[in-house]
Amino acid sequence: VTIVTAVCIIFLAYIIPRSMEAVNFIKTAAGAANSEYVSILVRALGITYLTSISGEICRSSGETTVAGYIECAGRVELLLLSVPLFSELLELAHF
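Residues numbered from 1 in each chain as written. Predicted model: local features only at pLDDT ≥ 70, side-chain atom pairs only at ≥ 80, totals over all residues. Heavy atoms only, no water.

A. View of the pattern of salt bridges. Tallied over the entire structure, the rule returns two salt bridges. Notably, a salt bridge pairs arginine 59 with glutamate 56, separated by 3.4 Å at the nearest N-O pair. On the criterion of helical spacing, the pair formed by arginine 59 and glutamate 56 is a turn pair, its members being three residues apart in helix α2 (residues 35–60). On the basis of relative accessibility, which here comes to 34%, the residue arginine 59 falls in the partly exposed class. Taking relative accessible area as the criterion, glutamate 56 reaches 47% and is therefore assigned partly exposed. One salt bridge in this structure joins glutamate 71 and arginine 59, with 3.0 Å as the shortest N-O distance. You can see glutamate 71 sitting in helix α3 (residues 64–92) and its partner arginine 59 sitting in helix α2, a full 12 residues away along the chain. Members of the salt-bridge network, linked through shared partners, are Glu56, Arg59 and Glu71. (Salt bridge = Lys/Arg side-chain N within 4 Å of Asp/Glu carboxyl O. Helix = DSSP H or I, 4+ residues; strand = E, 2+ residues; numbered from the N terminus. Buried < 20%, exposed > 50% of the residue type's maximum accessible area, 1.4 Å probe, protein only.)

Right under this line is the structure:
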């Protein structure tokens, strides 16, 4: 148990500074771009990660049907999240 704890601490010590670099990049991008687009991007990334992790957990516990439903729900949520972007793109194209 102590070896696993030590490995986890070392792993977190490596990951946390890297994740802070990503957070700083997102903050910089939010300042340079339209904050609505960055907000949609961050939400989409969150949905993607949560869907993927949840699906893998369900698969590893033998619940492949539930995993499929979770992934389908994640895809629908991403589609609904992207509707404002598509409508703005259509406005730019003058349709």
